[in-house]
Amino acid sequence: MEPDNLVLQPRDVQFDWSTLPMHWVPDEPVTTHVMNVLHLLLPEGERWFVRTFQQAVPLITDDTLREDVLGFIGQEAMHAEAHSEVLDHLLANGLDPRPFTRQMEHVFRRTLGPTAGLGEEQAREQLIERVAIVAAVEHFTAYLGDWMLNAGALDRAGIHPVMLDLLRWHAAEEVEHRSVAYDLMCHLDRRYVRRARTMLLVAPVLFWLWVRGARFMVKADKTTKARLTWREAMRAGRRGLLPKLSEILRAFLRYFHPAYHPKQEGSTSQAIAYLASSPAAREAH
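Residues numbered from 1 in each chain as written. Predicted model: local features only at pLDDT ≥ 70, side-chain atom pairs only at ≥ 80, totals over all residues. Heavy atoms only, no water.

Visitor: How should the overall build of the protein be read in this particular structure?
Guide: A count of helices and strands for the protein gives 12 helices and zero strands. Helices and strands in the protein line up, N terminus first, as α-α-α-α-α-α-α-α-α-α-α-α. Compactness check: the protein gives a C-alpha radius of gyration of 18 Å against a globular reference of 19 Å for 285 residues, within 12% of the reference. Counting the 285 residues in the protein, one finds 52% classified as buried. Put simply, the protein shows about 13,800 Å² of open surface, and 56% of that area lies on carbon and sulfur atoms. Here the protein contributes 33 positively and 36 negatively charged side chains, and the mean placements of these two sets differ by 9 Å. (Helix = DSSP H or I, 4+ residues; strand = E, 2+ residues; numbered from the N terminus. Rg over C-alpha atoms; globule rule 2.2 N^0.38 Å. Buried < 20%, exposed > 50% of the residue type's maximum accessible area, 1.4 Å probe, protein only. Areas by Shrake-Rupley, 256 points an atom, 1.4 Å probe, with all protein chains shown as cover. Lys, Arg positive; Asp, Glu negative; His and termini not counted. Charge placed at Lys NZ, Arg CZ, Asp CG, Glu CD.)

Have a look at this one:
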């Protein structure tokens, strides 16, 4: 049974990256860098989530939803900082992520930022559209969070324990707050057409950014001659080290079902259980 009245709390976690190797999935540089795209996209992306939801708070008329949104903001802010620290570690060890992260800064601060000079109704409509974009992205993060919590192949592969804890701590919180963005979107605009339209826009862009980021990371890593190929990615999927493309496609299609709700993705009880055992979450301030 799923818990009722869950209160979302940001956890001030700390991670020690001093022993993290460049290829933290042993002997799997491509798999490592496909997952490293999280660290490229999430810091700026989640700071944009925070700014967007902070701007949406005055529009919320439901007290419970407002509390959930504030908890979501706190958790997403902590996620951004944790992933930024991984980028700092990579830079210190000879892999410079800044050419790509500067592009992400432009995307999230300028392209997706508020447009100056809009009237009140136009600004409100643009804000709701940004909330709907976050809801579409959060559908994928909920799917990925559930996958990460259940990816036993990562344990068997000997993934670096600190990185595995970061990924699963983040995964658990994504599952924990998976309904907030969708519920906020519906609170502001319940129309199916907005939900469907934003997912049709978000999914291909997110996929394109992920492929670009993985190619960038593999090329920027001077310690390997590996190359990102579809064959390599599919092999990792078959071994359970990455999500399978067929499963990602099914997750994409689920969002369009008229009865869809994020509660259908993952288990809050499983997420809470991991957070109770996570070394970083247990030591959080």
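Visitor: Looking at this structure, I do not really get a nonpolar patch on the surface. What am I missing?
Guide: Taken together, the side chains of Phe 207, Trp 230, Met 234 and Leu 245 present a nonpolar region at the surface, about 420 Å² in accessible area. On the secondary structure map, Met 234 appears in helix 9 (residues 230-238). (Patch = residues over 30% accessible without salt bridge, like charges linked within 9 Å, V, L, I, M, F, W, Y side chains within 5 Å. Salt bridge = Lys/Arg side-chain N within 4 Å of Asp/Glu carboxyl O.)

Visitor: Which parts of the structure should I look at to understand the pattern of salt bridges?
Guide: Two side chains with opposite charge may pair up if their charged atoms get near one another. Applying the stated rule across the entire model yields 17 salt bridges. For Glu 28, the salt bridge goes to Arg 235, with nearest N and O atoms at 3.1 Å. With a gap of 207 residues between them, Glu 28 in the segment before helix 1 (29-56) and Arg 235 in helix 9 connect regions that are remote in the sequence. Its relative accessible area of 6% is what places Glu 28 among the buried residues. Since its relative accessible area comes to 28%, Arg 235 is described here as partly exposed. Residues Arg 47 and Glu 81 are paired through a salt bridge, measuring 3.2 Å at the closest nitrogen-oxygen approach. Of this pair, Arg 47 sits in helix 1 while Glu 81 sits in helix 2 (residues 63-92), and the two are 34 residues apart along the sequence. Of the residues examined, Arg 47 reaches a relative accessible area of 25% and is grouped as partly exposed.

Everything listed here is a matter of coordinates, which is why it stays silent on function.
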